[in-house]
Every structure is written in structure tokens, then in C-alpha cells.
Amino acid sequence: MKLKLPRDQFLSTVRVGDKGQIVIPKEVRELFEIEPGDNLLLMADKKRGIAIVAFDGMMDFMNEALRQAKEAKEEEDR
């Protein structure tokens, strides 16, 4: 089931196959420029649910967060 949403949004149901796999709909792959072989990061929280994000972008975010945390710690120690 697909709903009509603004161009940069997508909502659909997906089915979990026998091997526990899901298919990312073509529209979503195109929207996020996901190509075969891309790495994605799956994050799961029992209360909040499941999120899938581009791994490369998440690594940049995590590296920047760690860099800022290190700077803050060094500033604190001075």
C-alpha cells in the first residue's frame, strides 16, 4: 500500500520474506540514491523501532560528534 505524499517523502508497507529480508521499494532507493553494494546502517530500539540510514553519512556524523566531544573534554581539563 502506497500513500500519496510530497515528492521527498515515501510511505509504504513491506513484507518480511522467509529469510528475514525486506525489499527497499524502488522509489525509496531512487529518493536516497541507494545503489547495489551500498552500505546501510540499521539501528533498532525496542521502544522506538527500526531506522535505516546511509552508513557513510552516519560515519561522518559520528566522527564529528566524537571530535567535538574530545574538544569539549580537553577544554574542560584546562
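Residues numbered from 1 in each chain as written. Predicted model: local features only at pLDDT ≥ 70, side-chain atom pairs only at ≥ 80, totals over all residues. Heavy atoms only, no water.

(A) Just the overall build of the protein, in detail. Secondary structure summary: the protein contains two helices and two strands in total. Beginning at the N terminus, the succession of helices and strands in the protein can be written as α-β-β-α. Taken over C-alpha atoms, the radius of gyration comes to 18 Å for the protein, far larger than the 12 Å a tight globule of 78 residues would show. Summarising its shape, the C-alpha atoms of the protein cover approximately 55 × 30 × 25 Å along the three principal directions. (Helix = DSSP H or I, 4+ residues; strand = E, 2+ residues; numbered from the N terminus. Rg over C-alpha atoms; globule rule 2.2 N^0.38 Å.)

(B) Here's a closer look at the pairing of strand 2 (residues 49-54). In this structure, strand 1 (residues 40-45) lies alongside strand 2, joined through six bridges in antiparallel fashion. Bridging from a neighbouring strand, aspartate 45 pairs with glycine 49 of strand 2. (Pairing = 2+ DSSP bridges.)

(C) Seen up close, a nonpolar patch on the surface. On the surface, Val14, Val16, Ile22, Leu40, Leu42, Ile50 and Ile52 cluster together into a nonpolar patch covering about 640 Å² of accessible area. Of all the secondary-structure elements, those providing two or more residues to the nonpolar patch are strand 1 and strand 2. Position of isoleucine 22 relative to the elements: it lies in the segment before helix 1 (26-31). Looking at isoleucine 22, the relative accessible area reads 42%, which means it is partly exposed. (Patch = residues over 30% accessible without salt bridge, like charges linked within 9 Å, V, L, I, M, F, W, Y side chains within 5 Å. Areas by Shrake-Rupley, 256 points an atom, 1.4 Å probe, with all protein chains shown as cover. Salt bridge = Lys/Arg side-chain N within 4 Å of Asp/Glu carboxyl O. Buried < 20%, exposed > 50% of the residue type's maximum accessible area, 1.4 Å probe, protein only.)

(D) Just the confidence of the model for the protein, in detail. Per-residue pLDDT for the protein averages 86, and the proportion of residues at 70 or more is 96%. Mean pLDDT across the secondary structure elements of the protein bottoms out at helix 2 (residues 55-77), with 83, and peaks at helix 1, with 91. (pLDDT = per-residue confidence, 0-100.)

(E) A look at the pattern of salt bridges. All told, the structure shown has five salt bridges when counted by the stated rule. A salt bridge links glutamate 30 to lysine 26, with the nearest nitrogen and oxygen atoms 3.7 Å apart. In this pair, glutamate 30 and lysine 26 both sit in helix 1, four residues apart, roughly one turn of the helix. Its salt-bridge partner being arginine 78, residue glutamate 75 comes within 3.3 Å of it at the nearest N-O pair. Comparing glutamate 75 with arginine 78, the two get one shared label, exposed. If you follow the salt bridges from partner to partner, you end up with Glu64, Arg67 and Glu71 in one network.

(F) Region of interest: the environment of alanine 44. Along the polypeptide, alanine 44 turns up in strand 1. Residue classification places alanine 44 among the exposed positions, given a relative accessible area of 60%. Every residue in contact with alanine 44, bar those within four places of it in the chain, is listed here: Gly49 and Ile50. (Contact = heavy atoms within 4.5 Å.)

(G) Just a negative patch on the surface, in detail. On the surface, Glu33, Glu35, Asp38, Asp56 and Asp60 cluster together into a negatively charged patch. Note that glutamate 33 resides in the loop between helix 1 and strand 1. Among the residues examined, glutamate 33 registers a relative accessible area of 63% and is labelled exposed. (Lys, Arg positive; Asp, Glu negative; His and termini not counted. Charge placed at Lys NZ, Arg CZ, Asp CG, Glu CD.)

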